[in-house]
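One letter stands for each residue in the lines below.
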Number of protein chains: 2
Amino acid sequence: MANKPDLWKTPAQEALRWVRGTDLDGLDQGAKPGWAGKRSDGKALQEALAPELADLQERLFAHGRTGGDRAVLLVLQGLDTAGKGGIVRHVVGMVDPQGVMHRGFGVPTEEEREHGYLWRIRNALPRPGYLGAFDRSHYEQVLVVRVDGLEPEKTWREHYRELNEFEAEVAAAGTVIVKVALFVSADEQKKRLAARLERPDKHWKYDPGDIEVLRKRAQYLAAYQEMLDRTSTEVAPWYAVPADRKWYARLAVTELLTGALRSLDLGWPPAGFDVEAEKKRLAAS
Amino acid sequence: MANKPDLWKTPAQEALRWVRGTDLDGLDQGAKPGWAGKRSDGKALQEALAPELADLQERLFAHGRTGGDRAVLLVLQGLDTAGKGGIVRHVVGMVDPQGVMHRGFGVPTEEEREHGYLWRIRNALPRPGYLGAFDRSHYEQVLVVRVDGLEPEKTWREHYRELNEFEAEVAAAGTVIVKVALFVSADEQKKRLAARLERPDKHWKYDPGDIEVLRKRAQYLAAYQEMLDRTSTEVAPWYAVPADRKWYARLAVTELLTGALRSLDLGWPPAGFDVEAEKKRLAAS
């Protein structure tokens, strides 16, 4: 499969990158932008990418262990059932857990509320050498906070600038930021919520509040539209990923993550000691 | 393979559990206690256990999400090259990274040194619902600290009692503790260090200080002996795992972890809402 690069007619990076001013209403959540293959081809390619992804992640980790300052941060946003958790499990789960810093952001705790909204985000940023994965993120401050009116408009509007400045700072410190917004159709979202109600082993994933979010879909999409338009920057671009087909979303994020790691162009760190001398010391010990 | 339980002549839990007073010098690091199968059987069984391990871990996670207080903590100790990292990658890596809290403990940082040695440990304990994995741990306080004379004997000797009390408290709060000490032979350790020197992609894993540790092997084994004897308790037993055969060590820890999760006997959490009423609300929305 790795020998069929032509299945991507347009690389995921290009096909999915948000173009300011695009109308989010026009996004087909069942589409597979850039991809010409079938589901089975997609699953096979994702599996074929696993060794490279793991190798690149290990180079990043080695780099961090030897004084390097690079890191990668995957930011996942999406409405309930959009598949954020599945991406963590099936994509982030492809690499060594030793090198992963995963963090899910829910309703802020009491302690978190005593600080600015970026406090808990800063605390969770990947250290050098790590792959960070945020399931929800600082962007909730212009999504749920806006839709539920938790702050006056004047306040949440200021966040766009703050978010861009924050990410510029994180990027300047050495972290490659990959922001993924997953979009499911209303029908698919309803179907997935219904499935959680049908299966007792999925009840714990269901929250009666999910229906309110479903009802506020239009307001959420408006908030996403503005978020994408205002915070997709050169150093921290957004990728809008149609997510009705789980396999496509996972393949796409695998490509985006692999691309981000490739862009670091990291070799193995040179030895910080005299290799031949150490061989002799070891043989003599 | 899951249908060949007879390959474990004695369950790993039983075959590996530390028996106070056993002479650690008599441990054969190349042995496969309890296991009657071949390497290929072991690899196949480990793979066959993956779905059950993932299912059990998800139940634990669901339990934590719905107010439960149970957690599992895997503590890994072992000399350099014993394979702690491989266990994290290949065993802990079998479950959803969303439910894992992994932490590697190195030389304490300046901030960590300002607190007692259990401070950083407490901060890294798995929250309810999580599988915690410690690569090195609070036990360094009776291992490297003892061998390198970083504290007077009177001080580190007090730690045995403190460690037991600490773990009794953690266990009482709902966490199942599985402590694994991995043992490689001197020959295998030297071979693995030599391999790190041979391969440029492994140089970053090598530290000239590793040779000092190799030279202090006897002192380390004495420290391990006393640690095992004094801190293997009913609520937090030690398992001594021969680790010259990586596949055996990984299989054994997979069994220990699966057993710990099975012992929680967790079903899926009951719905905290009226399922039929929610189905109607959803259909109407």
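Residues numbered from 1 in each chain as written. Chains lettered and ligands numbered in written order. Predicted model: local features only at pLDDT ≥ 70, side-chain atom pairs only at ≥ 80, totals over all residues. Heavy atoms only, no water.

- As annotated in an unreviewed UniProt entry, chain A carries the name Polyphosphate kinase-2-related domain-containing protein and comes from Promicromonospora soli.

1. Digging into the overall build of chain A
Piece 1. Per the secondary structure count, chain A includes 12 helices and five strands.
Piece 2. When the accessible area of chain A is evaluated, it comes to approximately 12600 Å², of which 49% is carbon and sulfur surface.
Piece 3. Across chain A, 42 positive and 43 negative side-chain charges occur, with their mean positions spaced 4 Å apart. (Helix = DSSP H or I, 4+ residues; strand = E, 2+ residues; numbered from the N terminus. Areas by Shrake-Rupley, 256 points an atom, 1.4 Å probe, with all protein chains shown as cover. Lys, Arg positive; Asp, Glu negative; His and termini not counted. Charge placed at Lys NZ, Arg CZ, Asp CG, Glu CD.)

2. Examining the environment of Arg89(A)
Piece 1. Examined against the element boundaries, Arg89(A) turns out to sit in helix H3 (residues 84-90).
Piece 2. In this structure the C-alpha to C-alpha distance between Arg89(A) and Leu256(A), which are 167 residues apart in sequence, comes to 16 Å.
Piece 3. With sequence-adjacent residues up to four places away left out, Arg89(A) is seen in contact with Glu58(B), Asp96(B), Pro97(B) and Gln98(B).
Piece 4. Among the polar contacts made by the side chain of Arg89(A), one reaches the side chain of Asp96(B) at a distance of 3.0 Å. (Contact = heavy atoms within 4.5 Å. Polar contact = N/O pair within 3.5 Å; in protein donor to acceptor, adjacent residues only side chain to side chain.)

3. Quick notes on the environment of Arg281(B)
Piece 1. By the element assignment, Arg281(B) lies in helix H12 (residues 275-284).
Piece 2. On the accessibility criterion, Arg281(B) (25% relative accessible area) is partly exposed.
Piece 3. Non-local contacts of Arg281(B), meaning those with residues more than four positions away in its chain, are made with Pro208(A), Ile211(A), Glu212(A) and Arg215(A).
Piece 4. A polar contact of 3.4 Å, which involves the side chain of Arg281(B), links it to the backbone oxygen of Pro208(A).
Piece 5. For Arg281(B), the side chain forms a polar contact with the side chain of Glu278(B), separated by 2.9 Å. (Buried < 20%, exposed > 50% of the residue type's maximum accessible area, 1.4 Å probe, protein only.)

4. Thoughts on the interface of chain A and chain B
Piece 1. In this assembly, 43 residues from chain A lie in contact with 43 residues from chain B.
Piece 2. Taken over both partners, the interface formed by chain A and chain B buries close to 4000 Å², and the fraction arising from carbon and sulfur atoms is 63%.
Piece 3. The interface formed by chain A and chain B holds 10 salt bridges in total.
Piece 4. Across the pair Glu58(A) and Arg89(B) runs a salt bridge whose closest N-O atoms are separated by 3.5 Å.
Piece 5. Taken together, the links from chain A to chain B amount to 15 residue pairs in polar contact (both at pLDDT 80 or more).
Piece 6. Broken down by secondary-structure element, the contributors of at least two residues to the side of chain A that touches chain B are helix H2 (39-65), H3, helix H8 (186-198), helix H9 (209-215) and helix H12 (275-284) of chain A.
Piece 7. It is H12(A) that contributes the most residues to the side of chain A that touches chain B, six residues altogether.
Piece 8. The residue makeup of the side of chain A that touches chain B, split by class, is 21 nonpolar, seven polar and 15 charged. (Buried area = accessible area lost by both parts, 1.4 Å probe. Salt bridge = Lys/Arg side-chain N within 4 Å of Asp/Glu carboxyl O. Nonpolar A, V, L, I, M, F, W, Y, C, P; charged D, E, K, R; others polar.)

5. With respect to the side chain of Thr258(A)
Residues and elements named next belong to chain A.
Piece 1. Here Thr 258 lies in helix H11 (residues 246-264).
Piece 2. Its relative accessible area of 0% is what places Thr 258 among the buried residues.
Piece 3. Setting aside chain neighbours within four positions, we find Thr 258 in contact with Glu 52, Leu 53 and Leu 56.

6. Quick word on helix H2 (residues 39-65) of chain B
Piece 1. The end-to-end C-alpha separation of H2(B) is 38 Å, in line with the 39 Å expected for 27 residues at 1.5 Å each.
Piece 2. Where H2(B) terminates, the next one or two residues include Gly67(B), which has phi positive at roughly 95°. (Expected span 1.5 Å × (residues − 1).)

7. Some remarks on the UniProt feature "domain: Polyphosphate kinase-2-related" (unreviewed entry) in chain A
Piece 1. Per the UniProt record, "domain: Polyphosphate kinase-2-related" (unreviewed entry) is found at residues 41-261 of chain A.
Piece 2. A distance of 23 Å separates the end C-alpha atoms of residues 41-261 of chain A, which is 53% helix and 14% strand. (UniProt positions renumbered as here; feature names shortened; annotations may be inferred.)

8. Section: unusual backbone geometry
Piece 1. Notably, Arg136(A) is not glycine yet its phi reads approximately 65°, a positive angle.
Piece 2. Within the element layout of this structure, Arg136(A) appears in the loop between strand E3 (131-135) and helix H6 (144-147).
Piece 3. Backbone geometry places Asp265(B), a non-glycine residue, at a positive phi of 50°.
Piece 4. Assignment of secondary structure puts Asp265(B) in the loop between helix H11 (246-264) and H12.

9. Here we look at the packing of helix H7 (residues 153-172) of chain A against helix H10 (residues 217-231) of chain A
Residue and element names in this part refer to chain A.
Piece 1. Direction vectors running N to C along H7 and H10 enclose 45°, while the axes themselves pass 10 Å from each other. Taken together, the axis directions place H7 and H10 in an arrangement best described as oblique. Handedness of the H7/H10 crossing: right-handed. Along the contact surface, H7 presents Arg 157, Tyr 160, Asn 164 and Glu 167, while H10 presents Glu 226, Met 227, Arg 230 and Thr 231.
Piece 2. Residue composition of the contact of H7 with H10, by class: two nonpolar, two polar and four charged. (Axes fitted to C-alpha atoms, helices over the stretch in contact; angles between N-to-C directions. Parallel < 35°, antiparallel > 145°, perpendicular 65-115°, else oblique. Left-handed = near helix turned anticlockwise from the far one by under 90°.)

10. Concerning the relation of the copies chain A and chain B
Piece 1. The transform that puts chain A on chain B rotates by 180° and translates by 0.0 Å along the axis, for an RMSD of 0.0 Å. Taken together, these values place the two copies in the relation of a two-fold axis. (Least-squares fit on C-alpha atoms with pLDDT ≥ 70 in both.)

11. Some thoughts on the nonpolar core
Piece 1. Core analysis: the largest hydrophobic core is formed by 43 residues, its most contacted members being Val72(A), Leu74(A), Val180(A) and Val241(A).
Piece 2. Ignoring sequence-local partners within four residues, the contact set of Val241(A) consists of Leu16(A), Val180(A), Ala181(A), Leu182(A), Phe183(A), Tyr248(A), Ala249(A) and Ala252(A).
Piece 3. Val176(B), Ala243(B), Tyr248(B) and Leu266(B) belong to the second-largest nonpolar core, a separate cluster that totals 42 residues. (Core = buried A, V, L, I, M, F, W, Y, C linked by side-chain atoms within 4.5 Å.)

12. What about the sheet that holds strand E2 (residues 100-104) of chain A?
Residue and element names in this part refer to chain A.
Piece 1. Spatial strand order, E2-E3-E1-E4-E5: five strands in an open sheet with parallel pairing. Both outer strands of the open sheet, E2 and strand E5 (238-242), are each paired with one neighbouring strand and no more. Within this sheet the neighbouring strands show an average axis-to-axis angle of 20°, counted without direction.
Piece 2. Here E2 runs beside E3; their pairing, made up of five bridges, is parallel. (Pairing = 2+ DSSP bridges.)

13. So, the sheet that holds strand E4 (residues 175-183) of chain B
Residues and elements named next belong to chain B.
Piece 1. Taken together, the five strands give an open sheet; going across it, the order is E2-E3-E1-E4-E5, and neighbouring strands pair in parallel fashion. Of all strands in the sheet, those bounded by a partner on one side alone are strand E2 (100-104) and strand E5 (238-242). Adjacent strand axes in the sheet meet at a mean angle of 20°, parallel and antiparallel pairs treated alike.

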